[in-house]
Amino acid sequence: MKRGWIVAGLCATCLPAMADLGNSYRAERWEGSFRLNGLQSESFDGKNGSSADIDDAVGFGFDFAYNLDENLALGMALEWVDTDFETTSREVGGSQSYSGKGDLEMTTLNVNGTYYFLPKVITPYVHASLGATYLDTDVPTGPPVPVCWWDPWWGYYCGLDTPTLSESAFSYEVGAGVRWEVNDAFFVRGGYSQQWLDVGKGAGTVDVGLYRLGLGFYFQ
């Protein structure tokens, strides 16, 4: 969360210089963008001495929003990132520990609001979102089971699918950054966000840091 306050502080110091820039193009317009997401490595503790370490990774996403005016936008976003993790598990009633590795897929769908401080082509902003994150650890929870489906190329097809440990978690985040409207059709933005995942069970609430770079266009 400290990094988020640093970003917000840097944005605030730029406000006087940005006040002389040209007016924005975004009021009462739809927009969409492609995102690159940088997931920070994180460590967290579970119950009874268990723990997990998540590696940093790069993912991607898409978002759509409507700008109510120069300052406020409402929208939704879909993001995905695939990273590696290591776990330490503790024996129940004993002192032994066990280490493991896995692959973690995180898919997030949320609704969000963004506030732009200036009605200018370059402006700092803050945003907040609420949604759900689907977590798939790729850790098997049982033997492979037969699954059949219709494939567009091969027709009716059957194979084996291994069930894995997965969880859908309520997620929310806050963040800050800077947006630059290059012209009346194209914009870029970058920022930092802190995201919380209400995993429950042993982990409780897990927080992760996200760097984002977005490349976007207006629809009208």
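Residues numbered from 1 in each chain as written. Predicted model: local features only at pLDDT ≥ 70, side-chain atom pairs only at ≥ 80, totals over all residues. Heavy atoms only, no water.

## Describing the pairing of strand S1 (residues 30-39)
When a strand is regular, its side chains alternate between the sheet's two faces. A large share of S1 lies buried, amounting to seven of its ten residues. Pairing analysis gives ten bridges linking S1 to strand S4 (residues 57-67), with the strands arranged antiparallel. Within S4, the residue paired with Leu 39 across the bridge is Ala 57. In this sheet, strand S12 (residues 204-218) lies alongside S1 in antiparallel orientation, the contact comprising nine bridges. Note on S12: the bridge partner recorded for Ser 33 is Gly 216. (Buried < 20%, exposed > 50% of the residue type's maximum accessible area, 1.4 Å probe, protein only. Helix = DSSP H or I, 4+ residues; strand = E, 2+ residues; numbered from the N terminus. Pairing = 2+ DSSP bridges.)

## Things to note about a negative patch on the surface
Together, Asp 45, Asp 53, Asp 55, Asp 56, Asp 84 and Glu 86 make up a negatively charged patch on the protein surface. The exposure class assigned to Asp 45 is exposed, which follows from its relative accessible area of 61%. (Patch = residues over 30% accessible without salt bridge, like charges linked within 9 Å, V, L, I, M, F, W, Y side chains within 5 Å. Areas by Shrake-Rupley, 256 points an atom, 1.4 Å probe, with all protein chains shown as cover. Salt bridge = Lys/Arg side-chain N within 4 Å of Asp/Glu carboxyl O. Lys, Arg positive; Asp, Glu negative; His and termini not counted. Charge placed at Lys NZ, Arg CZ, Asp CG, Glu CD.)

## A few points about unusual backbone geometry
Not every positive phi belongs to a glycine, and Glu 28 is a case in point at roughly 55 degrees. By secondary structure assignment, the location of Glu 28 is in the loop between helix H2 (15-18) and S1.

## Considering the pattern of salt bridges
Scanning all chains against the criterion turns up nine salt bridges. Of the charged contacts in the structure, one is a salt bridge between Glu 79 and Arg 212, with a shortest N-O distance of 2.6 Å. In this pair, Glu 79 sits in strand S5 (residues 72-90) while Arg 212 sits in strand S12, placing the two residues 133 residues apart along the sequence. A relative accessible area of 6% means that Glu 79 is categorised as buried. Taking relative accessible area as the criterion, Arg 212 reaches 13% and is therefore assigned buried. One continuous salt-bridge network, built from bridges that share partners, spans Arg 26, Glu 31, Arg 35, Asp 63, Glu 79, Glu 173, Arg 179, Glu 181, Arg 189 and Arg 212.

## Examining empty space enclosed by the protein
Scanning the model with the defined rule gives two cavities of 30 Å³ or more in all. Looking at the largest cavity, its volume works out to about 280 Å³. Forming the walls of the largest cavity are 24 residues, and the residues nearest its centre are Arg 35, Thr 114, Tyr 125, His 127 and Arg 189. Elements that contribute at least two residues to the lining of the largest cavity include exactly S1, S4, S5, strand S6 (97-116), strand S7 (122-140), strand S11 (186-200) and S12. A total of five residues in the lining of the largest cavity trace back to one element, the largest contributor, which is S11. Looking at the lining of the largest cavity residue by residue, the class counts come to eight nonpolar, ten polar and six charged. (1 Å grid on protein atoms, 1.4 Å probe; cavity = no way out; pocket = protein on both sides within 12 Å on 5 of 7 lines; lining within 4 Å. Points joined across faces, edges and corners; volume = space filled by probe spheres on them. Nonpolar A, V, L, I, M, F, W, Y, C, P; charged D, E, K, R; others polar.)

## A look at the pairing of strand S3 (residues 51-54)
Alternating positions in S3 separate cleanly, Ala 52 and Ile 54 being buried on one face and Ser 51 and Asp 53 remaining unburied on the opposite face. Pairing of strand S2 (residues 42-45) with S3, which is carried by four bridges, proceeds in the antiparallel orientation. Its bridge partner being in S3, Asp 45 is matched across the sheet by Ser 51.

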